[in-house]
Structure formats: structure tokens, C-alpha cells
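Notes for the structure review
Single-letter residue listing:
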Amino acid sequence: MSAGWPGRAEEPMEEPALRSRAQESRIPLGPLDPTIIHRARAINADALRAIDDLLDQISDSGRR
Amino acid sequence: MDLDGVALLGFADLTLALEREGRLIGELHCAILRQREAVARGDVAGVESSIRLASRALLTLQETQRHRATLLRRLVGDPASPLADLDTQFDAALPETFLAARRRVQSSAAEVAEEIWRNQEVLLGALRERDALLRELLTGSRPTAPADPPAAIAEG
């Protein structure tokens, strides 16, 4: 038994389709969300620290 | 220290570890360039993907560095010994393959560090741009950047 008026369940109703990833990527996004920018900056900061450590390990002790 | 057979094997392992680090730095480099392009396009999925790629490269790089420390401890007894100091610890010239791998890693690490710095600036710019746009929507006017004073005032 469906909610609403009798026969509602038989009414043709088109299901709204979910957007595919391809369709989503065509939607203009405008400026990036600050959350994702902060996430990108955080991973970049981690990468910079790791690379700095690596350069310290490679360079001679006089440079440290 | 003698550069005997055991030491040469140690250098061969160390060279392999450095070559692996070099490849991972290359992957990190690719992720950083993709990130910059995605930010320029305002492509959220692209930025997300670049973050995933960079995280993966970084995690594996850290793992490889731990492995290198183990190899160094085996070779010279000190896991934190700087790779450049190895030249003075052995009484013969170090294997050329090791020296070349060390040079490559050092130069690619320096390059990727510069690219990451550039991305940090680009991302900061994107944040500022967004703030300016929001302010424009709320107040109807775009905030002006601090500019030089008009010539008349500056001169007077």
C-alpha cells in the first residue's frame, strides 16, 4: 500500500538519475572549497618536511 | 674502513634504496604538478586525486627512508650517518653507481621542494581569491589590494 492517493503507485514517475562522475566533472565548480585547499596545503607541508629531512640526510654533516 | 666485499654489497643495497627513493620523488613531483594544474582549473576531483597520489608517494618514501637507515646501520653502524659523510669513512673511492644515485636523489629532491613551495603559494592565492569573491558577493565591491599612494599624495 503506497502513501498518498489510491493509484499513486501506478502513476508513471521518472526516477531522478544520479549524476555520473563524468557529468559532475563538467559542472562548473567555481572557486575551490577552502577545505580541500587546506588539505592540499597540509599534505604539501608534510612533503616539504620529508624532503627537507631527506636533503639533510644526503648532505654532509657540515651543512646540517 | 675497508671497502671490502661486505661493504660493496652494502653499497649495492644502498644504491637500490636510493634509486627507489628517486622514483618516489618523481611520483611526488608528478602529483605536485597535477595539483597545480587542477587548482588552476578549479577541478576538485583533480585536486583530491593529486592529494591521494602525493600521500601515497610520501608514505612509501618514508618507508624507504627507514629501510635506508637500516642499511646504513649495517654498513657503518650509524643509521643517521649523512650519506655525504660516507666518502670520508672509507679508505677507497665509493662505487660510482652509488655516487650517481646520491647525486640524482639530491637534485630531484631539491627540484621537488621548489615545486612544492610554488604550489603552496598557488594554493594560498586560491584561498585569497575565494575570500575576495565572497567579499564581493556580500558587499558588492571587490576589496582592493594595498596599492601605492596616488602620485599627487606621494609627491605632496
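Residues numbered from 1 in each chain as written. Chains lettered and ligands numbered in written order. Predicted model: local features only at pLDDT ≥ 70, side-chain atom pairs only at ≥ 80, totals over all residues.

1. Details of the overall build of chain A
Scanning chain A from terminus to terminus reveals two helices and zero strands. Burial analysis of chain A (64 residues in total) assigns 16% to the buried set. (Helix = DSSP H or I, 4+ residues; strand = E, 2+ residues; numbered from the N terminus. Buried ≥ 20, exposed ≤ 12 C-beta atoms within 10 Å, placed from the backbone.)

2. Digging into the packing of helix α2 (residues 34-58) of chain A against helix α4 (residues 96-139) of chain B
Two elements in contact, α2(A) and α4(B), have axes whose closest approach is 9 Å; the angle formed by their N-to-C orientations is 155°. Comparing their axes, α4(B) and α2(A) come out roughly antiparallel. Viewed along their axes, α2(A) and α4(B) form a crossing whose handedness is left-handed. (Axes fitted to C-alpha atoms, helices over the stretch in contact; angles between N-to-C directions. Parallel < 35°, antiparallel > 145°, perpendicular 65-115°, else oblique. Left-handed = near helix turned anticlockwise from the far one by under 90°.)

3. Remarks on the interface of chain B and chain A
Put simply, an interface is often sized by how much accessible area is lost when its parts join up. Listed per partner, the contact involves 36 residues of chain B and 27 residues of chain A. Listing elements by their share of the side of chain B that touches chain A, those giving two or more residues are α1 (5-41), α2 (44-76) and α4 of chain B. When residues in the side of chain B that touches chain A are grouped by element, the largest group, 16 residues, is from α4(B). Classifying every residue of the side of chain B that touches chain A gives 22 nonpolar, eight polar and six charged. (Contact = placed C-beta atoms within 7 Å. Nonpolar A, V, L, I, M, F, W, Y, C, P; charged D, E, K, R; others polar.)

4. What about the confidence of the model for chain A?
Averaged over every residue, the pLDDT of chain A is 70; residues scoring 70 or more account for 44%. Counting interchain partners and residues more than four positions distant, the pLDDT-below-50 stretch residues 23-29 of chain A has five contacts. (pLDDT = per-residue confidence, 0-100.)

5. Side note on the nonpolar core
In terms of nonpolar packing, the biggest core is built from 36 residues, with A47(A), L28(B), A54(B), A57(B), L58(B) and V112(B) touching the most fellow members. Mapped by element, the contributors of at least two residues to this core are α2 of chain A together with α1, α2 and α4 of chain B. Leaving out residues up to four positions away in the same chain, L58(B) has contacts with D46(A), A47(A), A50(A) and L28(B). (Core = buried A, V, L, I, M, F, W, Y, C linked by C-beta atoms within 7 Å.)

6. Re the confidence of the model for chain B
In the predicted model, chain B carries a mean pLDDT of 89, and the fraction of residues at 70 or more is 90%. Prediction confidence for the complex, expressed as pTM and ipTM, is 0.75 and 0.82 respectively.

7. A few points about the environment of Q89(B)
All names here are of chain B. Inspection of the secondary structure puts Q89 in helix α3 (residues 86-89). Judged by C-beta crowding, with 15 C-beta atoms within 10 Å, Q89 ranks as partly exposed. Taking the C-alpha atoms as reference points, Q89 and M1, separated by 88 residues in sequence, lie 6.0 Å from one another. The residues contacting Q89, other than those within four sequence positions of it, are M1 and V76.

8. Some details on the environment of T88(B)
Its location among the elements puts T88(B) in helix α3. Put simply, T88(B) and Q35(B) are 53 residues apart on the chain and 41 Å apart in space, counted from C-alpha to C-alpha.

9. Digging into the packing of α2(A) against α2(B)
Pairs of packed helices are described in terms of their axes, by the angle between the two and the distance that separates them. As a packed pair, α2(A) and α2(B) sit with axes 10 Å apart at the nearest point and diverge in direction by 25°. The orientation of α2(A) with respect to α2(B), classified from their angle, is roughly parallel. Along this stretch, α2(A) crosses α2(B), giving a crossing that reads as left-handed. Residues I36(A), R39(A), A40(A), I43(A), D46(A), A47(A), A50(A) and L54(A) of α2(A) form the contact with α2(B), whose own contacting residues are V44(B), V47(B), E48(B), I51(B), A54(B), S55(B), L58(B), L61(B), Q62(B) and Q65(B). Its residues assigned to classes, the contact of α2(A) with α2(B) comprises twelve nonpolar, three polar and three charged.

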